[in-house]
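Notes for the structure review
Listed below, chain by chain, are the residues.
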Amino acid sequence: MSSSSAAYEVEECRGVLRVLSDGSVVRSTNPSFPVPVHDDGSVDWKDAQFDAAHDLHLRLYKPRHRLPSDGPKFPVFYYFHGGGFCIGSRTWPNCQNYCLRLAAELRAVVVAPDYRLAPEHRLPAAIDDGAAAVKWLSRQASSPYPDPWLAEAADFGRVFISGDSAGGNIAHHLAVRFGSAAGRAELEPVRIRGFVLLMPFFGGTRRTTSEAECPKDAFLNLELNDRYWRLSLPRGATTDHPVVNPFGPESPELQPVEFEPMLVVVGERDLLRDRTAEYANRLKEGGKPVKLAEFEGQQHGFFTIDPWSEPANELMRVIKRFVDGNRSGSN
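Residues numbered from 1 in each chain as written. Predicted model: local features only at pLDDT ≥ 70, side-chain atom pairs only at ≥ 80, totals over all residues. Heavy atoms only, no water.

The name recorded for the protein in an unreviewed UniProt entry is Probable carboxylesterase 15, from Phoenix dactylifera.

Let's shift gears to the overall build of the protein. Counting its regular elements, the protein contains 10 helices and 11 strands. Whereas a compact globule of 331 residues would reach a radius of gyration of roughly 20 Å, the protein reaches 19 Å, a difference of no more than 12%. Judged by the C-alpha coordinates and their principal axes, the protein covers about 65 × 45 × 40 Å. For the protein, the proportion of its 331 residues judged to be buried stands at 56%. Sequence-distant contacts, at least 24 apart, represent 74% of the contacts inside the protein between residues at least 6 apart. Of the roughly 14,100 Å² of accessible surface on the protein, 50% is carried by carbon and sulfur atoms. In the protein, 38 side chains carry a positive charge and 43 a negative one; their mean positions are 3 Å apart. (Helix = DSSP H or I, 4+ residues; strand = E, 2+ residues; numbered from the N terminus. Rg over C-alpha atoms; globule rule 2.2 N^0.38 Å. Buried < 20%, exposed > 50% of the residue type's maximum accessible area, 1.4 Å probe, protein only. Contact = heavy atoms within 4.5 Å. Areas by Shrake-Rupley, 256 points an atom, 1.4 Å probe, with all protein chains shown as cover. Lys, Arg positive; Asp, Glu negative; His and termini not counted. Charge placed at Lys NZ, Arg CZ, Asp CG, Glu CD.)

Further remarks concern the nonpolar core. Judged by nonpolar contacts, the single largest core of 73 residues is most densely connected at Tyr78, Phe85, Trp136, Leu137, Ile161, Leu174 and Met262. Counting residues per element, this core draws most heavily on helix H2 (residues 125-142), which supplies seven residues. (Core = buried A, V, L, I, M, F, W, Y, C linked by side-chain atoms within 4.5 Å.)

Before going further, it helps to examine the UniProt feature "active site" (unreviewed entry) in the protein. Feature annotation in UniProt places "active site" (unreviewed entry) on Ser165, given in this structure's numbering. Its place among the elements puts Ser165 in the loop between strand E8 (154-164) and helix H4 (166-177). Those residues in contact with Ser165, other than ones at most four positions away along the chain, are Gly82, Leu198, Met199, Pro200, Phe201 and His300. (UniProt positions renumbered as here; feature names shortened; annotations may be inferred.)

What follows is about the pattern of salt bridges. Summed over all chains, the structure comprises 29 salt bridges. Here Arg230 makes a salt bridge to Glu11, at a shortest N to O gap of 2.9 Å. With Arg230 in helix H7 (residues 222-232) and Glu11 in strand E1 (residues 9-13), this pair connects stretches of sequence that are 219 residues apart. On the basis of relative accessible area, Arg230 is assigned to the partly exposed category, the value being 47%. Lys62 is the partner of Glu152 in a salt bridge, and the nearest nitrogen-oxygen pair spans 2.6 Å. Here Lys62 lies in strand E5 (residues 56-63) and Glu152 lies in the loop between helix H3 (148-151) and E8, a separation of 90 residues in the sequence. Several salt bridges share partner residues, and in doing so they unite Glu11, Glu223, Arg227 and Arg230 into one network. (Salt bridge = Lys/Arg side-chain N within 4 Å of Asp/Glu carboxyl O.)

Laid out in structure tokens, this is it:
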């Protein structure tokens, strides 16, 4: 084969994903955030398969020791990782560190699922996998032989769904899917008590001010934002597609959705700031139980970039107050 016909790189994401001109995809086995894992032994964790057909797994975490303030069982807190629907994993150290901290500080069983990634699996595959991960918990809760590691610790009546960036987009779609009597029945005996959307990855064909003014050296800049959508959208779709834009011309009406309490988090300097604020404010104007928490001076993924910073610490406190304030359930 001549050099002129050799496949060449046409797309690249954070050094771990390369798409070549012949359509092939090359993925690195290394994480794009090679940071040390801070595991002090206070949290137990293990992996479990939730979807055999697609060989998808999740990572479970729980506090090793009970405190006097803990109830008989811990609430369940889902965390869907970010990565523009193209990269990321429950096994990456940045995800592992955050989940260890969530379990220890929220006093919760944390569930961190993987989902299929684009471009090999374009949307809505990731959203379907998110729903499958929550329905796995329902099967555990209703099984006469649940996983004892999980069942002895988890209060299936106090479940929270959270996600970071692309994971926040998944959390939105799960809020819609399960935000009705039929949706709640689909999960019984599991009961969702709230949603936490951390800088959710939304888009649209109309540029917002925060997108247009985002500096090129930002953690998530406009070029990378658009690249993620090119690789993850259904072929031929625009960023007004319903999986991307909650208020797009073909998106379902959100007013009939019976939203559980929702915490929406945004950074003042995040490229997604305007879309996230609009999302939260429009839901609030529609009478939905939504709280918007904006972090002054922070960019996209600030709690991943510097997980022990004071803004990251404050975010953890905000999430804990939200969870503790919406714990009505079986205990």
